[in-house]
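# Close look at the chain arrangement
Now for the letters of each chain:
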Amino acid sequence: MHQRIVTAISRIRQDIGSHLSPVLIHQTCRSVGHVWRECVLTPSTIIHVFLLQVLHGNTALTNLRHLSRLDLTAQAFCEARKRLPLAVFRRLLQRIVPALRDGQEPPALWLGKHRTFGIDGSNFSMPDTPELQRAFGQPGNQRPGCGFPVAHFLAMFDSATGFLMDILAFPLRTADFSKVAEIHPGLRADDVVVGDRGFCSFVHVAQLVRRGIHGVFRLHQRIKLATSGECAPPDQRRGKTRKKVKRSLAKVLRQLGVRDHVFEWRRPSRRPDWMTEEEFLSLPLTMECRVLSYLVRRPGYRTKRIDLLTTLLDAEAYPLEELAKLYFRRWQVEVNLRHLKITMNMDVLHCKTVDGVLKELMIFAIVYNLVCVVMVEASGRQGVEVDRISFIDALRWLMAARPGASLIKLIINPSRPGRVEPRVKKRRPKQFDLMSEPRSVLRNRLLGQVLVA
């Protein structure tokens, strides 16, 4: 019964289901040197029951014996899960991810030649234990001993299908651009990474260019675009007023359009604290980048002007309109994070050790990708884009799927481009209570009624 998830997925994508088979899970355990004895809770059983737990909203351990139809206790499963190395969970995710895009590349390439990935960061909470407090920390606005540990994580999604390609967790006070290089190994030359202004730094862009990877990022607010021939003042180059002035992009090399320029970006004079001196000096002194701007005139949109920085310098091959559409799709990353944290209840994890939290995170990533497999299959059968398929409906089908069950038609979310949603009206309007109003507010209300009369 506990293998029904793998059976249901195997009917959709045989290659994905095979990566979660008991044989491959046991091979993965042997590859990392894990030894176990044959009993009820074998490594494959632990993984499958763990998948069931997360699939059902990270349910309590006491509910697992009902879901798996196995005679096990919460303590026994917890102890067995502790004995399984974290490397097994990480290796399973790494084996599943390359198979996700198989058969998807021709229609999924941006402009017919690039794979695109969206990156972003978020937080999740966990139980209050001394070990987790030391490892991840807690928000600074909480007094010690009065808050829960909070971890920061980075996630990289496939823009075409929504697959979660990689996820990493760090202490709470960790800057995104200081750890983003750790998810670069999953990329290859000519891939395009799309992110917000938190990833727009010289160091990050230079690391991408070194590997032949392109980037499209929102221009950081501290980067100042200098006019043609203008350079940063000497005191700014020495860093004396670093916190008060904006960084400069040196001079304009050429103009590609009205709001489209190629700049020469100089390496900052100060090395980041998280980077070694050798790594920093290996970066190029200057780098060409393209900065373009466009206006957003849709009603209801807060941002009216967007400045992008990209390493795609060819204006004919990569026009401004296509880059604007690509960055607009970055918002789907926020939707994917909402599915992870809210729909799947990943905003609060349950394990009480660092190792357990990281294992739980890996299982969430695997289950999320299994749901995306169902969505991709449903989008092909129903003839709509992947993001139109209801994530929660695909999740519910996977929860209720039985061995031999066929994929049914899933709910399609309506497409309403440019629609401005009205403000939600309260079902019960607030009653005006004279006794509960402050004296100053009551005086203004009465004065306003007199003036109107």
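Figured I'd write up the structure that's included with this text. (Residues numbered from 1 in each chain as written. Predicted model: local features only at pLDDT ≥ 70, side-chain atom pairs only at ≥ 80, totals over all residues. Heavy atoms only, no water.)

### Examining the overall build of the chain
Within the chain one finds 18 helices and 11 strands. Residues counted as buried form 47% of the 453 residues belonging to the chain. As displayed, the chain has an accessible area near 23900 Å², and 53% of this comes from carbon and sulfur atoms. (Helix = DSSP H or I, 4+ residues; strand = E, 2+ residues; numbered from the N terminus. Buried < 20%, exposed > 50% of the residue type's maximum accessible area, 1.4 Å probe, protein only. Areas by Shrake-Rupley, 256 points an atom, 1.4 Å probe, with all protein chains shown as cover.)

### Quick word on the pattern of salt bridges
Should the charged atoms of two oppositely charged side chains come close, the side chains can pair. Counting across every chain of the model gives 11 salt bridges. The salt bridge involving Arg90 is made with Asp166; its shortest N-O contact spans 2.8 Å. Residue Arg90 is located in helix 7 (residues 86-100), and its partner Asp166 is located in strand 3 (residues 164-171); the two are separated by 76 residues in the primary sequence. Judged by relative accessible area, Arg90 falls into the partly exposed class, the value being 21%. With its nearest N and O atoms 2.9 Å apart, the salt bridge here joins Arg271 to Glu277. Residue class for Glu277 comes out partly exposed when judged on its relative accessible area of 43%. One connected set of salt bridges, linked through shared partners, spans Asp120, Arg330 and Glu334. (Salt bridge = Lys/Arg side-chain N within 4 Å of Asp/Glu carboxyl O.)

### Overview of the side chain of Ser125
Inspection of the secondary structure puts Ser125 in strand 1 (residues 116-125). Residue Ser125 is classed as buried on the basis of its relative accessible area, which comes to 17%. At a separation of 3.4 Å, a polar atom in the side chain of Ser125 contacts the main-chain carbonyl oxygen of Pro149. Not counting residues up to four positions away in its chain, the partners in contact with Ser125 are Phe148, Pro149, Val150, Asp347, Val348 and Leu349. (Polar contact = N/O pair within 3.5 Å; in protein donor to acceptor, adjacent residues only side chain to side chain. Contact = heavy atoms within 4.5 Å.)

### Observations regarding the packing of aromatic side chains
Tallying each qualifying case throughout the model produces 8 aromatic pairs. Ring plane angle 70° and centroid distance 5.8 Å describe the contact between Phe157 and Tyr368, whose orientation is recorded as edge-to-face. In this pair, Phe157 sits in strand 2 (residues 150-158) while Tyr368 sits in helix 16 (residues 354-382), placing the two residues 211 residues apart along the sequence. Exposure remark for Phe157: the relative accessible area of 1% places this residue in the buried category. Through pairs of rings, three or more aromatic residues link up here, namely Phe50, Phe77 and Phe89. Sitting over the ring of Phe50, Arg81 keeps its end group 4.5 Å from the ring centre. (Phe/Tyr/Trp six-rings, centres within 6.5 Å; stacked < 30°, edge-to-face > 60°. Lys NZ or Arg CZ within 6 Å of the ring centre and 35° of its normal.)

### Some details on the packing of helix 4 (residues 43-55) against helix 16
Where helix 4 contacts helix 16, the axes come no closer than 9 Å and their chain directions differ by 75°. Classified by the angle their axes make, helix 4 and helix 16 are roughly perpendicular. Mapping the contact onto sequence places Phe50, Leu51, Val54 and Leu55 in helix 4 and Lys359, Glu360, Ile363, Phe364, Ile366 and Val367 in helix 16. Looking at the contact of helix 4 with helix 16, its residues break down into 8 nonpolar, no polar and 2 charged. (Axes fitted to C-alpha atoms, helices over the stretch in contact; angles between N-to-C directions. Parallel < 35°, antiparallel > 145°, perpendicular 65-115°, else oblique. Nonpolar A, V, L, I, M, F, W, Y, C, P; charged D, E, K, R; others polar.)

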